[in-house]
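One-letter residues, chain by chain:
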Amino acid sequence: MPPLPPPTITFSAADNPWIDVRTGYSYDQVGLRTLFLNAHHIDDLALPHPPAASALLRIAVAITARITGLDDPELTASQWNALRRSRLAEGRFDPDAVHAYFDQHHWDAFHSIRPWLQDPALRAQCDHPTGINAFVPGRPAGNNLAWFSPHGHHSAEPVPTAEALQILLIHHYYGRSGTGTPRALDGATSKRQTSGPLRSSVSFHPLGRTLHETLLAGVPAFTGDDQPPGADACPWEETTPPNPQATDRAVTWPGRQLTGLSRHAILLVPGHDGATVTDAYITWATQQPKPLTTDPYLVYRILPERKNVARRRTLHRADASRAWWRDLETLLLAPDEHGTHRRPAIFDTLNDLPEPVRRSLRIRVHGFDQDGKVIDRQWYTAITPPLLNFTQEHDPIKAQRIAECCREAQHIAQRLATVAKQAWDTATHSRTTQPPWAHRSLTRYWPKAEKVFWRLVQEPDTTACTAFADAAAAALREITESARIRHTPAARAVAHAVRDLYRQPAPPQKAA
């Protein structure tokens, strides 16, 4: 067991700089306290890792609710909206409220008893640390091959503490499942851990003109039936260290909902001066089942065929190959009890924002393409143009047009995959489950479809089906050009495929 860090080694998440921010063309690093004091001057977060930014936004929104009074479950919906409007009109967070909040709680990342978002008991309950390479995303660890990284089992370089805190958030929200570092508790040892609450998800966050607007627009409204005042607590607000055996942890709003669902226990090992982290423990935080709850920034799929009502709602998974505009149908249409998707709950509160804020509000997309267990594929981010004027509540005609274009783009993509496979089979007299023409034509199609989509949004009288079919035909012709020149059967097969792209399905026959 490593010794406790000396009392002189500290790194305050509140006061030491570790959060990358952008103001105009200038970039800086700040702590949480300065982030709130200067939020009205800051344009946006600028963290290099989108999953860390998505996690930090949830933490910052929970703190926003605390320092503005928007965490009061006794407020009616109209009172809550009026309070948020008044906080927006003030133009900045109250400095006295900011200082009072940060002076009240524990923020030291290397505190011996209450390290921020960590469990000090791991020093005694784990035989050995997990290793800094396993902690830092992208580094090879264990028996993994070091393809493009200079790091290895015998070259574990420390990581700056500012970066380590950002990585800490990634593990809490997007951590892997499966086998972790063994943890002994009450005579029993286990190394089984479950995945983080946001694993393989894509988040949609309101993005204002300043960080002040972003955070206030991102506070979710209370939708529960009852919550006693004072019952909710973020991890750093708890009076005692985390208890892995706790069973009565209700998902209260907004602290527990946004910051208290981690499945991983972590402890950082600092370097001699606290400027770096040299090692880390990563293991399970609880063996209790995952709570059945929803996140206000995620899209969910509804599976009515499932018999278990609680399991009918599943996560809409992140896909790095899927352009964000393909989800506009879900984001803009109001909730429909017969729909298969539910837009993020945060969208239900945005229509009550002041008109100048609502009209300028964009959406920040943060996705992390992962499998459900251990494989991290790719993270990504995007910013939409202002969209809220096109929601079904404000412009139902435009919302339906956008939904129609999204559906037609997907419909033509499916038809393109089918006809491209048939053309390959016909031209080569062979059948394969993964014909190259189908994959390559779809790869070429979607960038073309995006350009067509935005044109169609501005041209309501243009037929969407034909426009997307033009894009699909162009994509298929481009990827088969050399084959069509050399082989007559290929040219003939592609010609038939293009014709089928424009063929309208026969209308359903009426029952006699």
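The coordinates are above.
Residues numbered from 1 in each chain as written. Predicted model: local features only at pLDDT ≥ 70, side-chain atom pairs only at ≥ 80, totals over all residues. Heavy atoms only, no water.

Quick question: what am I supposed to make of the overall build of the chain here?
Of the regular secondary structure elements, the chain holds 17 helices and 14 strands. Summarising its shape, the C-alpha atoms of the chain cover approximately 80 × 55 × 50 Å along the three principal directions. Per-residue burial for the chain yields a buried fraction of 50% across its 512 residues. Relative to all contacts within the chain whose residues are 6 or more apart in sequence, the contacts with residues 24 or more apart total 70%. A total accessible area of about 24800 Å² is found for the chain, and carbon and sulfur atoms account for 52% of it. (Helix = DSSP H or I, 4+ residues; strand = E, 2+ residues; numbered from the N terminus. Buried < 20%, exposed > 50% of the residue type's maximum accessible area, 1.4 Å probe, protein only. Contact = heavy atoms within 4.5 Å. Areas by Shrake-Rupley, 256 points an atom, 1.4 Å probe, with all protein chains shown as cover.)

Which parts of the structure should I look at to understand the pairing of strand β8 (residues 264-270)?
Residues in a regular strand project their side chains so that they alternate between the two faces of the sheet. For β8, a buried count of 7 out of 7 residues is recorded, marking the element as mostly surrounded by other parts of the structure. Side chains His264, Ile266, Leu268 and Pro270 of β8 all project onto a buried face; the interleaved residues Ala265, Leu267 and Val269 project onto the opposite face, where all are buried too. As judged from the 7 bridges shared by β8 and strand β9 (residues 276-284), these two strands associate in the antiparallel manner. Counted as the bridge partner of Ile266 is Ile282 from β9. (Pairing = 2+ DSSP bridges.)

Sorry, what's going on with the side chain of Gln227 here?
Turning to its location among the elements, Gln227 is positioned in the loop between α8 (211-217) and α9 (255-259). In this structure Gln227 touches Pro73, Glu74, Phe222, Asp232, Thr252 and Trp253, once residues within four positions along its chain are discounted.

What is the right way to look at the nonpolar core in this model?
Most often, soluble globular proteins keep nonpolar side chains buried together rather than apart. Core analysis: the largest hydrophobic core is formed by 132 residues, its most contacted members being Trp18, Tyr445 and Phe468. Look past the residues within four positions of Trp18 in its chain and what remains in contact with it is Phe11, Ala13, Gln29, Val30, Gly31, Leu32, Leu56, Trp116, Ala162, Leu165, Gln166 and Leu169. Counting residues in hydrophobic clusters, the runner-up holds 7 residues, among them Leu122, Cys126, Leu267 and Val269. (Core = buried A, V, L, I, M, F, W, Y, C linked by side-chain atoms within 4.5 Å.)

Got a minute to help me understand the sheet that holds strand β13 (residues 362-370) in this structure?
Two strands in a sheet stick together by hydrogen bonds in their backbones, pointing the same way (parallel) or opposite ways (antiparallel). The 3 strands are arranged β7-β13-β14 in an open sheet whose pairing can be described as antiparallel. Since the sheet does not close on itself, it has two edges, and those belong to β7 (202-207) and β14 (376-383), each with one partner. Pairwise comparison of adjacent strand axes, ignoring direction, gives a mean angle of 10° for this sheet. Pairing geometry for β7 and β13, over 6 bridges, is antiparallel. Bridged to Ser203 within β13 is His366. (Axes fitted to C-alpha atoms, helices over the stretch in contact; angles between N-to-C directions.)

Quick question: what am I supposed to make of the sheet that holds β8 here?
Read from one edge of the open sheet, 3 strands run β4-β9-β8, paired in antiparallel fashion. At either margin of the open sheet sits one strand with a lone partner, and together these are β4 (159-160) and β8.

Explain the pattern of salt bridges here, please?
Inspection of every chain in the model, using the stated rule, returns 27 salt bridges. Residues Arg33 and Asp15 are paired through a salt bridge, measuring 2.6 Å at the closest nitrogen-oxygen approach. Of this pair, Arg33 sits in helix α1 (residues 32-37) while Asp15 sits in the segment before β1 (19-23); the two residues are 18 residues apart in sequence, bridging distant segments of the chain. The partner of Asp369 in a salt bridge is Arg377, and the shortest N-O contact between them spans 3.1 Å. Using a relative accessible area of 9% as the deciding quantity, one classes Asp369 as buried. Look at Arg377 and you get exposed, because its relative accessible area is 53%. Shared partners join several salt bridges into a network, and the residues in it are Arg66, Asp71, Asp232 and Glu237. (Salt bridge = Lys/Arg side-chain N within 4 Å of Asp/Glu carboxyl O.)

Could you clarify how one ought to interpret the environment of Thr23 in this entry?
Examined against the element boundaries, Thr23 turns out to sit in strand β1. When its relative accessible area of 35% is taken as the criterion, Thr23 is described as partly exposed. It is 4.9 Å that separates the C-alpha atoms of Thr23 and Asp43, two residues lying 20 residues apart in sequence. The residues touching Thr23, leaving out its near neighbours within four places in the chain, are His41, Ile42 and Asp43.

Nothing here speaks to function; it is all geometry.
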